[in-house]
Amino acid sequence: MREIAVSGVRPTGKQHLGNYLGAVVNFVRMQEEYDGYFFIADLHSLTTHPRAADLQANVRQTLIEYLACGLDPDKCTLFVQSHVPQISELYLIFNMFAYDGELHKVPTFKDKVRTQPDNVNAGLLTYPVLMAVDILIHHAMKVPVGKDQMQHIEMTRNFGNRFNHTYGVEYFKEPIGFNYGDAPLSVPSLDGEGKMSKSKGENTVIYLMDEPDAIRKKIMKAPSDSGPKEPGQPKTEAVQNLFDLMKLVSKPDVIAHYDQAYHDCAIRYGDMKKQIAEDMTVFLTPIRERIREISADQAYLTRVMEEGGEKARASAQKTVTEVREIIGLKSR
Ligand code: ADP
Ligand code: TRP
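Residues numbered from 1 in each chain as written. Chains lettered and ligands numbered in written order. Predicted model: local features only at pLDDT ≥ 70, side-chain atom pairs only at ≥ 80, totals over all residues. Heavy atoms only, no water.

Chemist: Quick question: what am I supposed to make of the overall build of the protein here?
Modeler: For the protein, the count of helices and strands is 14 helices and five strands. Radius of gyration (C-alpha) of the protein: 22 Å, near the 20 Å computed for a compact globule of 332 residues. Overall, the protein is about 75 × 45 × 45 Å in size when its C-alpha atoms are taken along their principal axes. Relative to its 332 residues, the protein shows a buried fraction of 48%. Within the protein, residue pairs in contact and separated by at least 24 positions form 77% of the contacts whose partners lie at least 6 positions apart. Roughly 16,500 Å² of accessible area belongs to the protein as shown, and the carbon and sulfur atoms make up 53% of that amount. (Helix = DSSP H or I, 4+ residues; strand = E, 2+ residues; numbered from the N terminus. Rg over C-alpha atoms; globule rule 2.2 N^0.38 Å. Buried < 20%, exposed > 50% of the residue type's maximum accessible area, 1.4 Å probe, protein only. Contact = heavy atoms within 4.5 Å. Areas by Shrake-Rupley, 256 points an atom, 1.4 Å probe, with all protein chains shown as cover.)

Chemist: How should I be thinking about the packing of helix α3 (residues 52-69) against helix α14 (residues 298-327) in this particular structure?
Modeler: Between two packed helices, what matters for the description is the angle formed by their axes and the separation of those axes. The interhelical angle for the contact between α3 and α14, taken along N-to-C directions, is 90°, at an axis separation of 11 Å. Considering their axes alone, α3 and α14 lie roughly perpendicular with respect to each other. Contacts between α3 and α14 pair Arg-60, Leu-63, Ile-64 and Leu-67 from the former with Gln-298, Tyr-300, Leu-301, Thr-302, Val-304 and Met-305 from the latter. (Axes fitted to C-alpha atoms, helices over the stretch in contact; angles between N-to-C directions. Parallel < 35°, antiparallel > 145°, perpendicular 65-115°, else oblique.)

Chemist: Would you explain the site of ligand 1 in this entry?
Modeler: Close to ligand 1 lie 14 residues; His-16, Val-187, Met-196, Ser-197 and Lys-198 are nearest. At a separation of 3.1 Å, a nitrogen atom of ligand 1 approaches a polar backbone atom of Gly-18. The contact in question runs from an oxygen atom of ligand 1 to an N or O atom on the backbone of Lys-198, over 2.8 Å. Bound to the protein, ligand 1 loses 83% of the 540 Å² it would expose on its own. Class assignment of the residues belonging to the shell around ligand 1 gives a composition of four nonpolar, seven polar and three charged. (Near = heavy atom within 4 Å. Polar contact = N/O pair within 3.5 Å; in protein donor to acceptor, adjacent residues only side chain to side chain. Nonpolar A, V, L, I, M, F, W, Y, C, P; charged D, E, K, R; others polar.)

Chemist: I would appreciate a short explanation of the packing of aromatic side chains in the present structure.
Modeler: Two descriptors summarise a pair of aromatic rings, namely the distance from one centre to the other and the angle between the planes of the rings. A full pass over the atoms with the stated rule returns 15 aromatic pairs. Summarising the aromatic geometry, the rings of Phe-94 and Phe-97 are spaced 5.8 Å apart at their centres and angled 55° between planes, so their arrangement reads as tilted. By the burial criterion, Phe-94 is buried, and Phe-97 matches it. Here the aromatic rings of Phe-178 and Tyr-180 are separated by 5.0 Å at their centres, their planes lie at 80°, and the arrangement is edge-to-face. (Phe/Tyr/Trp six-rings, centres within 6.5 Å; stacked < 30°, edge-to-face > 60°.)

Chemist: In this structure, what is going on with the layout of surface pockets? I would like to understand it.
Modeler: Over the atoms, a rolled probe matching the size of one water molecule traces out where space is still vacant. There is about 160 Å³ of room inside the second largest pocket. Lining the second largest pocket are Asp-42, Ala-52, Leu-55, Gln-56, Val-59, Arg-60, Val-80, Ser-82, His-83 and Met-305. Looking at which element gives the most residues to the lining of the second largest pocket, the answer is α3, with five residues. Classifying every residue of the lining of the second largest pocket gives five nonpolar, three polar and two charged. (1 Å grid on protein atoms, 1.4 Å probe; cavity = no way out; pocket = protein on both sides within 12 Å on 5 of 7 lines; lining within 4 Å. Points joined across faces, edges and corners; volume = space filled by probe spheres on them.)

Chemist: What is the right way to look at the pattern of salt bridges in this model?
Modeler: Any two side chains of opposite charge can pair, so long as their charged atoms come close to each other. For the coordinates displayed, the defined rule picks out 16 salt bridges. A salt bridge links Asp-111 to Arg-114, with the nearest nitrogen and oxygen atoms 2.7 Å apart. Highlighted residues: Asp-111 and Arg-114, both in helix α6 (residues 107-115), separated by three residues, approximately one helical turn. Relative accessible area serves as the criterion here: at 38%, Asp-111 is assigned to the partly exposed category. Take Arg-114: its relative accessible area is 62%, and that puts it in the exposed class. Notably, a salt bridge pairs Arg-288 with Glu-211, separated by 3.6 Å at the nearest N-O pair. A residue pair is termed long-range when its members are at least 10 positions apart, and Arg-288 in helix α13 (residues 269-295) and Glu-211 in the loop between β5 (176-178) and α10 (212-220) qualify at 77 residues. By relative accessible area, Arg-288 is classed as buried at 9%. Note on Glu-211: relative accessible area 42%, which makes it partly exposed. Where salt bridges share partners, they join Glu-211, Arg-288 and Arg-292 into one cluster. (Salt bridge = Lys/Arg side-chain N within 4 Å of Asp/Glu carboxyl O.)

Chemist: What's the story with the pairing of strand β1 (residues 4-9) in this structure? I'm lost.
Modeler: Look at any regular strand and the pattern is simple: side chains alternate between the two faces of the sheet. Burial runs high along β1: five of the six residues are buried. Running through helix α1 (residues 17-33), the crossover from β1 to the neighbouring parallel element strand β2 (residues 35-40) is right-handed. (Right-handed = clockwise from strand over helix to strand, strands pointing away.)

Chemist: When you look at the site of ligand 2 in this model, what are you seeing that I'm missing?
Modeler: Arg-10, Tyr-127, Met-131, Asp-134 and Gln-149 are the nearest of the 13 residues found near ligand 2. When the free accessible area of ligand 2 is taken as 360 Å², the share hidden by the protein chains comes to 92%. Among the elements of the structure, β1 and α8 (127-136) are those that each provide at least two residues to the shell around ligand 2. Residue composition of the shell around ligand 2, by class: seven nonpolar, four polar and two charged.

Chemist: For this particular structure, what's the right way to read the side chain of Gln-61?
Modeler: Along the chain, Gln-61 falls in helix α3. For Gln-61, a relative accessible area of 18% gives the class buried. With near-sequence residues (within four places) excluded, Gln-61 lies in contact with Gly-13, Lys-14, Met-209 and Ile-291.

Chemist: What is the right way to read the domain arrangement of the protein from this model?
Modeler: Interfaces are often sized by the amount of accessible area the parts lose when they come together. Here the protein is partitioned into domain 1 (4-186 + 297-327) and domain 2 (198-292). Taking the mean C-alpha position of each, domain 1 and domain 2 sit 33 Å from one another. Contact with domain 2 buries area across many residues of domain 1, yet Lys-14, Leu-17 and Ala-68 alone supply 43% of it, more than any other trio. Put simply, the parts of the chain that give the side of domain 1 that touches domain 2 at least two residues each are α1 and α3. No other element matches α3, which puts five residues into the side of domain 1 that touches domain 2. A per-class count over the side of domain 1 that touches domain 2 returns seven nonpolar, five polar and two charged. (Domains from an automatic or database assignment. Buried area = accessible area lost by both parts, 1.4 Å probe.)

Structure, rendered in structure tokens:
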């Protein structure tokens, strides 16, 4: 039997290069080796009260892009979180194993209190409980996520252990965060600082759907500096970001060429950015084309969601039935 992996993304609309290389490629690789449950976390996104039409469009768009990136419904279970009502039932039960004090201390919660003080709802506070249930309900052992989510995985282990301890069972196992390679990959932002994120503005991210023209315009606007004055001078963050972006999409000889040019103080950042834009376009064109093809096939999308939902519900129902039994709730 293959080990189980679970991961989800919130349906925030178009996926960008950071989402793809940081998250989705891991799922695509994992589907070959694991029994993967990959889903769109639409319930989680309710904390921000999206408009109904936007939520629906974003769920569909995220699914389209997952498929375009290579997730294959014949190799993994691809589903929408809200299509599995068992998750909501287990979430209620797990709220009894999450303490108010620990939930208030979670860094992602404290961030929200700071950034959106007018909407600190209880769903936000119990976000990690819902996430733990996403994972435990399928008995996942591996959870491919970025660094910012590791604390939630630790909480998942705590909630599962508390359940076990309370009822004197060894029912839930301990899942761990997982990445191929030593550390999660981080895609730099086009504004020259930190990592690519939608929250930093439209012009700082490259969407999987961006046309070549948009890709070029955004990359040409990325900041650099006035150039190295002496051989071996350390790079500024903006320039390091350009090199890091290049490493993601360009061939080794191209990268070596620009490394040497930087070292020789002969680098022309305009040329380098043109090259990154060209290589980025080559990298993203097949994905963009698949997005267009899949978007046109609504019947296929509906079928993928229905079949994935059915498989996920079967796995989730088994857990809920067993949990009801353990805690003494009468099964229907
Ligand atoms: P954003 O910051 O644009 O809102 P999300 O927080 O929705 O992105 O991230 C969704 C997933 O994509 C997460 O698993 C996250 O770790 C990954 N991710 C987002 N941005 C990057 C990035 N710049 N580099 C690597 N992974 C990223
Ligand atoms: N909280 C995750 C994020 O913001 C998304 C998510 C929801 C998730 N449920 C999950 C990730 C379960 C892994 C497993 O990126």
